[in-house]
Structures are given as structure tokens and as C-alpha cells.
Amino acid sequence: MVAPIVTYNTLVDDHGWSEASALLASGAWPVLDSAIMVAWRRKLDEFAIVTLVFLVITAVVSLVGAQSTQALLVKDSAVTGLFGLLCLGTLLAPRPLMFYFGRKFGTDGTPAGVAYYNDLWRFEGFRNAQRRMTLVWGVAYLIEAAVRIVLSYVLDTSTMVALSPFMIYGTLGGLALWTISFVKRTKAEGAKRAAAAAAADGQGEGLTA
């Protein structure tokens with residue numbers, strides 16, 4: 001969050017770069033961070049593939065078309081907007097995107113852990129929860145992108161450079177907290193249903209006996 005702001009201000013104030021050039025250069029930090037994470041994992045799983053796809057999207061979106069400051073800020077917002085569309089698009093796939101994110105971060109990565117997580121898909125409640133999370137993430141990122149696009153034309157460049165990272169990571173943090181809370185509630189509700197079903201089975205067996 002800090003590196004893009006410092007880079008932009010340093011290039012504009014101390015080195016006389018244009019706003020558009022400094023903005024484009026400051027956008028290299030998130031791309032570099034993603035590339036390092038992919039190289040560090042040394043494993044091309046679903047999460048790494050998504051990261052690589054967005055590295056390509058970011059590069060293409062940053063280089064095509066006009067290079068004004070407003071255009072570059074809009075393009076930056078388009079990346080998160082495309083992620084939102086990707087989330088919504090996977091609702092039509094056999095398994096939504098959040099299923100793969102959950103498997104990546106919700107298991108220990110061992111074959112047994114992955115197999116257990118995959119087996120949860122047979123439960124309707126688990127499937128509905130994955131689709132609901134994917135829907136919420138997709139809609140939230142589309143709203144975030146739309147708001148940033150509007151602000152890109154309303155606020156001056158330096159203000160938007162400072163605000164944009166907080167919007168990006170604030171949205172991510174808010175969604176992460178909501179997801180944790182949602183998963184806990186879903187697990188608690190599932191445990192209650194399982195306990196109620198077990199109690200009902202026990203009563204039925206008692207009456208039979």
C-alpha cells in the first residue's frame with residue numbers, strides 16, 4: 001500500500017516525471033509482489049494460475065489505449081472489475097472460484113486434506129455456501145471497480161494514488177472478514193443440523209426397540 005504512493009510522489013516531485021509515467025511505474029509493485037509469490041510457491045496450482053492470468057491482464061490493460069492519468073486509473077480499476085466478472089462467470093462452471101480458493105487456504109495441502117475438502121462437494125449446504133461466497137466476492141469487486149472509476153474522474157491524481165490502495169486492500173480485508181464469519185456460521189448451522197438429525201435417528205431407533 002505504501003510503495004506505490006511513495007514511488008509516485010518521488011518520481012513526480014523529485015525526478016520530474018509526468019503523472020501518467022509515474023502512475024504507470026508505481027503500478028509495478030503489485031505485479032512484482034504477485035510474481036514473487038508465484039515464484040516462491042514453485043507450484044502451478046489453481047491459485048497460481050489465477051495470479052498469472054491477472055499478471056497478464058494487468059500488463060495488457062496498462063499498455064493498450066490512451067496513457068493519460070485518468071485512463072491509467074480506470075485501467076487499474078478494470079483489473080479488479082475483471083476479477084469480479086471472473087467470480088460471477090465461474091458460477092456457471094461445475095465448481096465456482098471460491099471453492100478453489102478455499103481448498104488452497106483451508107487445507108494443509110496434503111493429498112488427504114485435499115481429498116477431504118473435495119469430498120465436501122457432495123453436500124448441498126457446502127455447494128450453496130461456495131456459490132454464495134463467489135457471488136458476494138464478484139459483486140463486491142464490481143462495485144469497488146465502479147466506485148474507483150468514478151473517483152478517478154472526480155479526484156485529482158495524487159489523491160487517487162493515495163486512496164486507491166486503501167480501497168483495494170480494504171475491499172479485500174472486508175471480504176476476508178466476511179468470509180471467515182460466513183464460514184463459521186455455516187459450520188455452526190451444519191453442526192446443528194447434523195446433531196438434530198442424529199437425535200431424530202436416535203429417537204426413531206428407541207421407538208423401534
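Below is a short write-up of the structure. The model shown is predicted, which means the values in this text are computed figures rather than measured ones. (Residues numbered from 1 in each chain as written. Predicted model: local features only at pLDDT ≥ 70, side-chain atom pairs only at ≥ 80, totals over all residues. Heavy atoms only, no water.)

## Side note on the pattern of salt bridges
Consideration 1: Applying the stated rule across the entire model yields two salt bridges.
Consideration 2: Among the ionic pairs, Asp119 bridges to Arg122, the shortest N-O distance being 2.9 Å.
Consideration 3: For Asp119, a relative accessible area of 38% puts it in the partly exposed group. (Salt bridge = Lys/Arg side-chain N within 4 Å of Asp/Glu carboxyl O. Buried < 20%, exposed > 50% of the residue type's maximum accessible area, 1.4 Å probe, protein only.)

## Things to note about the packing of helix α6 (residues 97-105) against helix α7 (residues 111-119)
Consideration 1: For the pair α6 and α7, the least separation of the axes is 10 Å and the interaxial angle reads 150°. Between α6 and α7, the interaxial angle falls into the category roughly antiparallel. Considering how the two elements wind past one another, α6 and α7 form a crossing that is right-handed. The segment α6 lies against α7, with Met98, Phe99, Gly102 and Arg103 engaging Val114, Tyr117 and Asn118.
Consideration 2: The residue makeup of the contact of α6 with α7, split by class, is four nonpolar, two polar and one charged. (Axes fitted to C-alpha atoms, helices over the stretch in contact; angles between N-to-C directions. Helix = DSSP H or I, 4+ residues; strand = E, 2+ residues; numbered from the N terminus. Parallel < 35°, antiparallel > 145°, perpendicular 65-115°, else oblique. Left-handed = near helix turned anticlockwise from the far one by under 90°. Contact = heavy atoms within 4.5 Å. Nonpolar A, V, L, I, M, F, W, Y, C, P; charged D, E, K, R; others polar.)

## What about the nonpolar core?
Consideration 1: Counting residues in hydrophobic clusters, the biggest one holds 11 residues: Phe83, Cys87, Leu97, Met98, Phe101, Ala129, Met133, Trp137, Tyr141, Leu175 and Phe182.
Consideration 2: Only α5 (69-89), α6, α8 (124-154) and α9 (157-208) provide two or more residues apiece to this core.
Consideration 3: Core analysis: the next-biggest nonpolar cluster, separate from the first, contains five residues, Phe99, Tyr117, Leu120 and Trp121 among them. (Core = buried A, V, L, I, M, F, W, Y, C linked by side-chain atoms within 4.5 Å.)

## Observations concerning the packing of α6 against α8
Consideration 1: In contact at an axis separation of 7 Å, α6 and α8 are set at 105° when each is read in the N-to-C sense. Between α6 and α8, the interaxial angle falls into the category roughly perpendicular. Residue-level contacts link Leu97, Met98 and Phe99 of α6 to Phe126, Gln130, Met133, Thr134 and Trp137 of α8.
Consideration 2: Of the residues in the contact of α6 with α8, the class split is six nonpolar, two polar and no charged.

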